[in-house]
Amino acid sequence: MSQNVHIFIEYKINPAKEQTYQQLMGDIATAISNYGAEGFQWYQAVDQTNLYVEIFKVPSLSSYHTLKRERGSKNHELFGKLDECVDGGLEKIHCWAFYEKTSELGYESRR
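The paragraphs below set out a description of the structure included in this document.

1. Description of unusual backbone geometry
Comment: phi is negative for the bulk of residues other than glycine, and the bulk of peptide bonds are trans.
So, step 1. Even without a glycine there, the phi angle at Asn-50 is positive, about 65°.
So, step 2. Take Asn-50: it is sitting in the loop between strand S2 (38-44) and strand S3 (51-58).
So, step 3. Classification of Asn-50 by relative accessible area gives buried; the value is 13%.

2. Looking at the environment of Lys-68
So, step 1. Examined against the element boundaries, Lys-68 turns out to sit in helix H2 (residues 61-71).
So, step 2. C-alpha separation for the pair Lys-68 and His-94, spaced 26 residues apart in sequence, amounts to 9.3 Å.

3. Re the packing of aromatic side chains
So, step 1. One pass over the structure, following the stated rule, counts 7 aromatic pairs.
So, step 2. Centroid distance Phe-8 to Trp-96: 5.6 Å. Interplanar angle 40°. Geometry classified as tilted. Here Trp-96 lies in strand S4 (residues 94-98) and Phe-8 lies in strand S1 (residues 5-12), a separation of 88 residues in the sequence.
So, step 3. For Phe-8, a relative accessible area of 28% translates into the label partly exposed.

Scoring rules and cut-offs
- Residues numbered from 1 in each chain as written.
- Predicted model: local features only at pLDDT ≥ 70, side-chain atom pairs only at ≥ 80, totals over all residues.
- Heavy atoms only, no water.
- Helix = DSSP H or I, 4+ residues; strand = E, 2+ residues; numbered from the N terminus.
- Buried < 20%, exposed > 50% of the residue type's maximum accessible area, 1.4 Å probe, protein only.
- Phe/Tyr/Trp six-rings, centres within 6.5 Å; stacked < 30°, edge-to-face > 60°.

Right under this line is the structure:
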């Protein structure tokens, strides 16, 4: 049985590149669907300047590993453009994968 993998990506944006970043995110949200991503959500932190988070799920751990590798590649045609936008470059993008555990508590997921 395959279990969805919930992805959490977090990074800070260089304030001078915020407009470029905002324009790229539409294309990025579309592009990650090619990796099987569903339920894409994009957030800006309230109490941490220029901090952004993306949350979505992919169908497998291998999808996560592929997407994580390509999101961190300066050679990727689209994702590589984020290198100039992220404070510290692509190596400062933090990406984690999680399995949902809520059902084990007897609660239904609210998503």
